[in-house]
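Reading the structure
Given next are the chains, with one letter for each unit.
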Amino acid sequence: MALPKFRVLYSDIGGVLATNGWDANLRRDVVAHFKVDLDEIDSRHHLVFDTYERGYMSFEDYLERVFFASPRDFTFEQVRDYTYDASVAWPENIAFFRHVKSANQLRLGLISNEGRGITEHRVGKFGLRELADFLVISHFVHFRKPDREIWHLALNLAQATPEESIYIDDREMFVKVAADIGFTAIHHVSLKSTKERFRELGLMIE
């Protein structure tokens, strides 16, 4: 059984349960694959990315402004499909979180910075609706980490306190913000290290 104080386990998606959705590495891969200028793409990306991840722009609009401001010899569908195909689940990590949730009678919430289009694809592809009790995704709630409001919203959805909650993320900054709010926050470096931290907290992991 979990220690009595823990009722909810919260986790990021990209970097913990799967590859990241739309990050700098994938953007560079897309740029290289379609042979476009990285500086041009990056300069446009930085102007609109916050708007996109907060849910005020679709992925179609994002690509139109960032990749298709100039004529291209490739299509929107090609870029979209390449991006979607690059999303890969980590089945061992997902299975572990499913087990920890069940074995310790915890609710599981996912808190993620992801934009419209990519999110829906990844949620379906990775089976996250079946894994999580609820999802708090930046483009749906119009907050994005490190906005404290996104963690407070997640707490309100679960009707839990920070002291009753564990938060996992691969980004140290976000771990620090969650810890400042009062979560037991864990920096995910590897599945092995997260398992050991869970064991230290008294969770059943086997």
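Residues numbered from 1 in each chain as written. Predicted model: local features only at pLDDT ≥ 70, side-chain atom pairs only at ≥ 80, totals over all residues. Heavy atoms only, no water.

Looking at the packing of helix α9 (residues 148–158) against helix α10 (residues 172–181)
Cut-off, in case you're wondering: Lines are fitted to the C-alpha atoms to define the axes, a helix being fitted only along its stretch in contact, and any angle between axes, read from their N-to-C directions, falls within 0 to 180 degrees. Where helices and strands are cited, they refer to DSSP runs of H or I of at least four residues and of E of at least two residues respectively, numbered from the N terminus. The cut-offs work like this: below 35 degrees is roughly parallel, past 145 is roughly antiparallel, 65 to 115 is roughly perpendicular, and the gaps in between are oblique. Helix crossings are classified by the rotation of the near helix relative to the far one: an anticlockwise turn of less than a right angle makes the crossing left-handed, while a clockwise turn makes it right-handed. Two residues form a contact once any of their heavy atoms are found within 4.5 Å.
Two numbers describe how α9 lies on α10: the axes approach to 10 Å, and their chain directions differ by 55°. Judged on the interaxial angle alone, α10 and α9 are oblique. Regarding α9 and α10, the two cross each other, and that crossing is right-handed. Facing Arg148, Trp151 and His152 of α9, the residues of α10 in contact are Phe174, Val177, Ala178, Asp180 and Ile181.

As for the nonpolar core
Formally: The criterion is simple. A nonpolar core is a set of buried Ala, Val, Leu, Ile, Met, Phe, Trp, Tyr and Cys residues joined through side-chain atoms within 4.5 Å. Exposure classes here rest on a 1.4 Å probe applied to the protein chains alone. A residue is buried below 20% of its type maximum, exposed above 50%, and partly exposed in between.
In terms of nonpolar packing, the biggest core is built from 27 residues, with Leu9, Phe97, Ile166 and Phe198 touching the most fellow members. For this core, the secondary structure elements donating two or more residues are α5 (91–103), β2 (107–112), α6 (118–126), α7 (128–131), β4 (165–169) and α11 (191–200). Beyond its immediate sequence surroundings of up to four residues, Ile166 is in contact with Phe6, Val8, Leu9, Tyr10, Phe183, Thr184, Ile186, Phe198, Leu201 and Leu203. Ranked by size, the runner-up nonpolar core spans 22 residues in total, among them Phe34, Val66, Phe67 and Val79.

Quick look at the environment of Arg122
With respect to the helices, strands and loops of the structure, Arg122 is situated in helix α6. In this structure Arg122 comes out as buried when scored by relative accessible area, which is 1%. In contact with Arg122, other than residues within four places in its own chain, are Ile13, Gly14, Ala18, Thr19, Asn20, Gly21, Ser87, Glu114 and Leu128.

As for the pairing of β4
Formally: A pair of strands is treated as paired once DSSP finds two or more bridges between them.
Extensive coverage of β4 is indicated by the burial of five of its five residues. A two-sided burial pattern is seen for β4, the buried positions comprising Ser165, Tyr167 and Asp169 on one face and Ile166 and Ile168 on the other. Here strand β1 (residues 8–11) runs beside β4; their pairing, made up of four bridges, is parallel. Residue pairing across strands places Leu9 opposite Ile166, the latter belonging to β4. Relative to strand β5 (residues 184–187), β4 runs parallel, the two being bridged by four bridges.

A look at the packing of aromatic side chains
As a reminder of what qualifies: Between the rings of Phe, Tyr and Trp (Trp by its six-membered ring), a pair exists once the centres lie within 6.5 Å; its type follows the angle of the planes, with under 30 degrees stacked, over 60 edge-to-face, and the other angles tilted.
Tallied over the entire structure, the rule returns 19 aromatic pairs. Look at Phe59 and Tyr62: their rings are 6.1 Å apart centre to centre, the planes differ by 10°, and that puts the pair in the stacked class. Highlighted residues: Phe59 and Tyr62, both in helix α3 (residues 59–66), separated by three residues, approximately one helical turn. The same class applies to Phe59 as to Tyr62, namely buried. With centroids separated by 6.2 Å and ring planes inclined at 65°, the aromatic side chains of Tyr167 and Phe183 adopt a geometry described as edge-to-face. A residue pair is termed long-range when its members are at least 10 positions apart, and Tyr167 in strand β4 and Phe183 in the loop between α10 and β5 qualify at 16 residues. Assigned by exposure class, Tyr167 and Phe183 land together as buried. Chaining the aromatic ring pairs together yields one cluster made of Trp22, Phe49, Tyr52, Phe59, Tyr62, Phe67 and Tyr84.

Looking at the environment of Ile205
Tracing the backbone through its elements, the reader meets Ile205 in the segment after α11. Separated by 64 residues in the primary sequence, Ile205 and Val141 have C-alpha atoms spaced 32 Å apart. Once residues lying within four places of it in the same chain are set aside, the contact partners of Ile205 are Phe96, His99, Val100, Lys195, Phe198 and Arg199.

Coordinates in, geometry out; function isn't part of it.
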